[in-house]
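Below are the chains, spelled out letter by letter.
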Amino acid sequence: MSRLLHTGQVIVDLVMALDTLPATGGDVLAQSASFEAGGGFNVMAAARRNGLPVVYLGRHGTGRFGDLARAAMQAEGVEMVQEASDDKDTGLCVSLTEATTERTFISHIGAEGDLRAEDLAGVLPRADDYVYVSGYSLLLEGKAQALLDWLLALPREITVVFDPGPLVKAPDSALMTVLLPRIDIWTSNGPEALAFTGAGTLAEALLALNRHLPAEALLVVRDGPNGCWVSRQGKAEHVPGFKVHAVDSNGAGDAHAGVFLAGLAKGLAPAAAARRANAAAALAVTRWGPATSPGADEVDALLAK
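Attention here is on the structure that accompanies the text. (Residues numbered from 1 in each chain as written. Predicted model: local features only at pLDDT ≥ 70, side-chain atom pairs only at ≥ 80, totals over all residues. Heavy atoms only, no water.)

1. Details of the overall build of the chain
And then number 1: For the chain, the helix and strand inventory stands at 10 helices and 13 strands.
And then number 2: Here the C-alpha atoms of the chain give a radius of gyration of 18 Å, agreeing with the 19 Å that 2.2 N^0.38 yields for 305 residues.
And then number 3: Taken over the C-alpha atoms alone, the chain extends approximately 50 × 45 × 40 Å along its principal axes.
And then number 4: Per-residue burial over the chain gives 53% buried out of 305 residues.
And then number 5: Look at the contacts in the chain between residues 6 or more apart in sequence, and 69% of them connect residues 24 or more apart. (Helix = DSSP H or I, 4+ residues; strand = E, 2+ residues; numbered from the N terminus. Rg over C-alpha atoms; globule rule 2.2 N^0.38 Å. Buried < 20%, exposed > 50% of the residue type's maximum accessible area, 1.4 Å probe, protein only. Contact = heavy atoms within 4.5 Å.)

Structure, rendered in structure tokens:
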């Protein structure tokens, strides 16, 4: 059975809801605050809740945040490969959600920012696995090169999934130049695709991504409430979204990515998997917090309406 092997970072989110961010030097009262597992956990939880086994290859720390991260992964049935780091706690992200549902993040990297070649040496992906790579990992000095070396040594039949995130904005860095030919599935939101390619529209961004990626690469670019675009070999298909009342967009893209891969693993065509992912993202934005992906039954119910 296929698995999702996640190489990114599980951190802890301090999630706060407020009307609007204060001006520099100002102060506001939040309407709510809670500590939640976040980062790469959101994608993994979405995949697990939709039937895809998940293995976390990253590190996790020793301390209150590491304990929280491990408890959350254990509750979702995520397998952890690494032992807890003995010198650092798991990192923290302050996640601020305004009344408009716009999000602002401030992150501090902890134990999850380190990964050595020996940490990955014993990990043996199977031919039908999906190996998930986060763009954030490429920015971490203690992790990027070891991860890239491991990825490039994988057998070609193993599917590598790349999520650039908001901080990887160009295809011409040394790491991206090496990684791009190995990417089988690209998943991002529209602004990330535009920033990465320098394109003015999503249609142009999809064409530009095709020029950077292998010919058979599958592209999934989310377009907010409009749904997403699925493209392969220059042939793009729009998959409509679902109309809902959004309260918090945090984690919606992660829900989309996890449910999309779960659909592919079950043998769905990309457009059908994307429709399930659109439904999951729509449900996720109706809930507060980062890991708000619905399970398969909830996705089925929305699709049946």
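Alright, that's what it looks like, and here's the rest.
2. Focus on the sheet that holds strand β8 (residues 130–134)
Paired through their backbone hydrogen bonds, the strands of a sheet run either parallel or antiparallel.
And then number 1: If you walk across this open sheet you meet the nine strands as β5-β4-β1-β8-β9-β10-β11-β12-β13, and the pairing is mixed. Two strands lie at the open edges of the sheet, namely β5 (79–80) and β13 (235–239), each paired on one side alone.
And then number 2: Pairing between strand β1 (residues 4–6) and β8: three bridges, direction parallel. Each bridged residue has a counterpart across the sheet, and for Leu4 the counterpart in β8 is Tyr130. (Pairing = 2+ DSSP bridges.)

3. With respect to the pattern of salt bridges
And then number 1: Counted by the stated rule, this structure contains 11 salt bridges.
And then number 2: As a salt-bridge pair, Asp119 and Arg59 come within 3.0 Å of each other at their nearest N and O atoms. Here Arg59 lies in the loop between β4 (54–56) and α2 (64–76) and Asp119 lies in helix α3 (residues 117–120), a separation of 60 residues in the sequence. The pair Asp119 / Arg59 is uniform in exposure class, with both members buried.
And then number 3: Asp300 is the salt-bridge partner of Arg276, the closest N and O atoms lying 2.7 Å from each other. Of this pair, Arg276 sits in helix α9 (residues 270–284) while Asp300 sits in helix α10 (residues 296–304), and the two are 24 residues apart along the sequence.
And then number 4: On the basis of relative accessibility, which here comes to 37%, the residue Asp300 falls in the partly exposed class.
And then number 5: Residues joined in a network through salt bridges with shared partners are Arg59, Arg116, Glu118 and Asp119. (Salt bridge = Lys/Arg side-chain N within 4 Å of Asp/Glu carboxyl O.)

4. Describing the sheet that holds strand β2 (residues 10–17)
And then number 1: Reading across the sheet, the four strands line up as β3-β2-β6-β7 and stay open at both edges, with mixed pairing between neighbours. Only two strands of the sheet have a single partner each, and these edge strands are β3 (32–39) and β7 (103–108). Direction aside, the axes of adjacent strands within the sheet are offset by 25° on average.
And then number 2: Sheet analysis places β2 next to strand β6 (residues 92–97), joined by six bridges and oriented parallel. The residue bridging Ala17 from the neighbouring strand is Thr97, located in β6. (Axes fitted to C-alpha atoms, helices over the stretch in contact; angles between N-to-C directions.)

5. Some details on helix α8 (residues 252–265)
And then number 1: Here α8 spans 20 Å end to end across 14 residues, near enough to the 20 Å set by a 1.5 Å rise per residue.
And then number 2: With 11 of 14 residues buried, α8 lies mostly within the body of the structure.
And then number 3: Buried residues of α8: Ala252, Ala255, His256, Ala257, Gly258, Val259, Phe260, Leu261, Ala262, Gly263 and Leu264, and no others. (Expected span 1.5 Å × (residues − 1).)

6. Quick notes on the packing of α8 against α9
And then number 1: The interhelical angle for the contact between α8 and α9, taken along N-to-C directions, is 145°, at an axis separation of 8 Å. Where α8 crosses over α9, the two elements pack in a sense that is right-handed. Along its contact with α8, which presents Ala252, Ala255, His256, Val259, Phe260, Gly263 and Leu264, the element α9 presents Pro270, Ala273, Ala274, Arg276, Ala277, Asn278, Ala280, Ala281 and Ala284.
And then number 2: In the contact of α8 with α9, the residues fall into 12 nonpolar, three polar and one charged. (Left-handed = near helix turned anticlockwise from the far one by under 90°. Nonpolar A, V, L, I, M, F, W, Y, C, P; charged D, E, K, R; others polar.)

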